[in-house]
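# An overview of the molecular structure
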Amino acid sequence: PRAASMRPPPPPAAPEVVLLGRSNVGKSSLANALLGRRALAPASPVPGRTRRFCFYDVDVPQTAGFRLVDVPGAGFAVDNVTQALEGKSAGSAVGKVDSWRSLVLRYLDVREPLKVVLQLVDARRCLDATLPEADLATLETVAGSEAIKSGRASHVLVLTKGDKLSPAESTRAVESLKAAAAGVYGGASP
């Protein structure tokens, strides 16, 4: 199913896995790879293609399956949190990070079937000693959500675009992300 054909979010059913991260980090590409499809989730070199929550029901033989949720990127946050959560047109995306954080936090707190939060981080942005502000803010938002604090869902950090780095840079990116996570989670990684 495509999000454009849905108004309210689908009723809670199968366990949900949500993809979070800044715009153009590779969320839709990962969704397509996980689903074994080339263009189910709209992926583009132009940031901001995903402007609403996209829900994909995944059938897994002999299980209840799961629902993959592709969320708009942090750089192209929507104006109206409620409209985006309900799949309605929210006007132009203008990069309102507070609105995006509110949207994500609301989703994490209200979706009971949520089991896994995959936070994607561009490895090329992790080469400095500190994580970029937008990625750190997302890490803090997820870590502070009721879903994570209560243990209802797990938070998994995923480095993307590592193929564009040398082996030494890849190691640096992993260490930078681990250090940021340890700072947010009080010494432990998610």
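Below or above, wherever it landed, is the structure these notes cover. Per chain, residues are indexed from 1 in the order of the written sequence. Owing to the predicted nature of the model, reporting of local features is limited to residues with pLDDT of at least 70; listing and counting of side-chain atom pairs is limited to 80 or more, with chain, interface and lining totals taken over all residues. Note that water and hydrogens are dropped before the side-chain values are worked out from all heavy atoms of the structure.

### Quick notes on the overall build of the protein
Numbering goes from the N terminus for both helices and strands, where a helix is a DSSP run of H or I of at least four residues and a strand is a run of E of at least two. In terms of helices and strands, the protein carries 6 helices and 5 strands. Starting at the N terminus, the α and β elements of the protein follow one another as β-α-β-β-α-α-β-α-α-β-α. Burial statistics for the protein: of 190 residues in total, 44% are counted as buried. When contacts within the protein are restricted to residue pairs at least 6 apart in sequence, those whose partners lie at least 24 apart make up 66%. Accessible surface, the protein: about 9,300 Å² in total, of which carbon and sulfur atoms supply 53%. The cut-offs for exposure are 20% and 50% of the maximum accessible area for each residue type, with area from a 1.4 Å probe on protein chains only; residues under the lower value are buried, those over the upper are exposed, and the others partly exposed. In what follows, a contact means two residues having at least one pair of non-hydrogen atoms within 4.5 Å. Method for areas: the Shrake-Rupley scheme with a 1.4 Å probe, in which residue coverage is limited to the protein chains shown.

### Some remarks on the sheet that holds strand β4 (residues 114-122)
Should DSSP find at least two bridges between two strands, the strands are taken to pair. Here we have 5 strands laid out as an open sheet, ordered β2-β3-β1-β4-β5, and mixed in their pairing. The open sheet has two free edges, formed respectively by β2 (54-58) and β5 (154-160), since each of these has just one partner strand. Across the sheet, the mean angle from the axis of one strand to that of its neighbour is 20°, orientation sign disregarded. The pairing of β2 with strand β3 (residues 66-70) spans 5 bridges and is antiparallel. Within β3, the residue paired with F55 across the bridge is V69. Relative to the sheet, helix α6 (residues 167-184) contacts β4 and β5, its axis offset from that of β5 by approximately 155°. Each axis is a line fitted through C-alpha atoms, and for a helix only the stretch in contact is used; angles between axes span 0 to 180 degrees, taken between their N-to-C directions.

### Examining the packing of aromatic side chains
We describe a pair of aromatic rings using the distance from one ring centre to the other and the angle between the two ring planes. Here the aromatic set is Phe, Tyr and Trp, taking the six-membered ring for Trp, and pairing holds for ring centres within 6.5 Å; pairs whose planes are under 30 degrees apart are stacked, those over 60 apart are edge-to-face, and all others are tilted. Using the criterion set out here, one finds 2 aromatic pairs in the structure. Here the aromatic rings of F53 and Y107 are separated by 5.2 Å at their centres, their planes lie at 40°, and the arrangement is tilted. On the criterion of sequence distance, the pair formed by F53 in the loop between α1 (27-35) and β2 and Y107 in helix α3 (residues 97-110) is long-range, its members being 54 residues apart. Of the two residues examined, F53 and Y107, each falls in the buried class. Put simply, the rings of F53, F55 and Y107 pair up and form one aromatic cluster.

### Observations regarding the nonpolar core
V18, L20, V71, Y107, L108, L114 and V117 are the most contacted members of the largest nonpolar core, which has 17 residues in total. Of all the elements in the fold, those that place two or more residues in this core are β1 (16-20), α3, β4 and α5 (146-149). Looking at this core element by element, the count peaks at 5 residues for α3. As used in this record, nonpolar core signifies buried Ala, Val, Leu, Ile, Met, Phe, Trp, Tyr and Cys residues forming a set joined through side-chain atoms within 4.5 Å.

### Looking at the side chain of D122
Along the chain, D122 falls in strand β4. Pairs of N or O atoms are called polar contacts if they sit within 3.5 Å, as long as, within protein, a hydrogen donor faces a hydrogen acceptor (for residues adjacent in sequence, only side-chain-to-side-chain pairs). Separated by 2.7 Å, the side chains of D122 and R124 make a polar contact. When neighbours within four sequence positions are excluded, D122 is seen to be in contact with V25, L159, T160 and K161.

### Some thoughts on the environment of R152
Take R152: it is sitting in the loop between α5 and β5. R152 gets classed as buried once you look at its relative accessible area, which sits at 18%. For R152, the residues in contact, after removing those within four places along its chain, are L108, D109, R111, E112, L114, K115 and A147. At 2.7 Å, the side chain of R152 and the backbone oxygen of R111 are in polar contact.

### Focus: the environment of D70
Counting through the fold element by element, D70 comes out in strand β3. Under the relative-accessibility criterion, D70 is labelled buried at 0%. Taking the C-alpha atoms as reference points, D70 and L20, separated by 50 residues in sequence, lie 7.3 Å from one another.

### Describing the pattern of salt bridges
We define a salt bridge as a contact between a side-chain nitrogen of Lys or Arg and a carboxyl oxygen of Asp or Glu at a distance within 4 Å. According to the stated counting rule, one finds 8 salt bridges in the structure shown. For the salt bridge of D122 with R124, the shortest nitrogen-to-oxygen distance reads 2.7 Å. Classification of D122 as buried rests on a relative accessible area of 5%. Shared partners join several salt bridges into a network, and the residues in it are E16, D57, R67 and R111.

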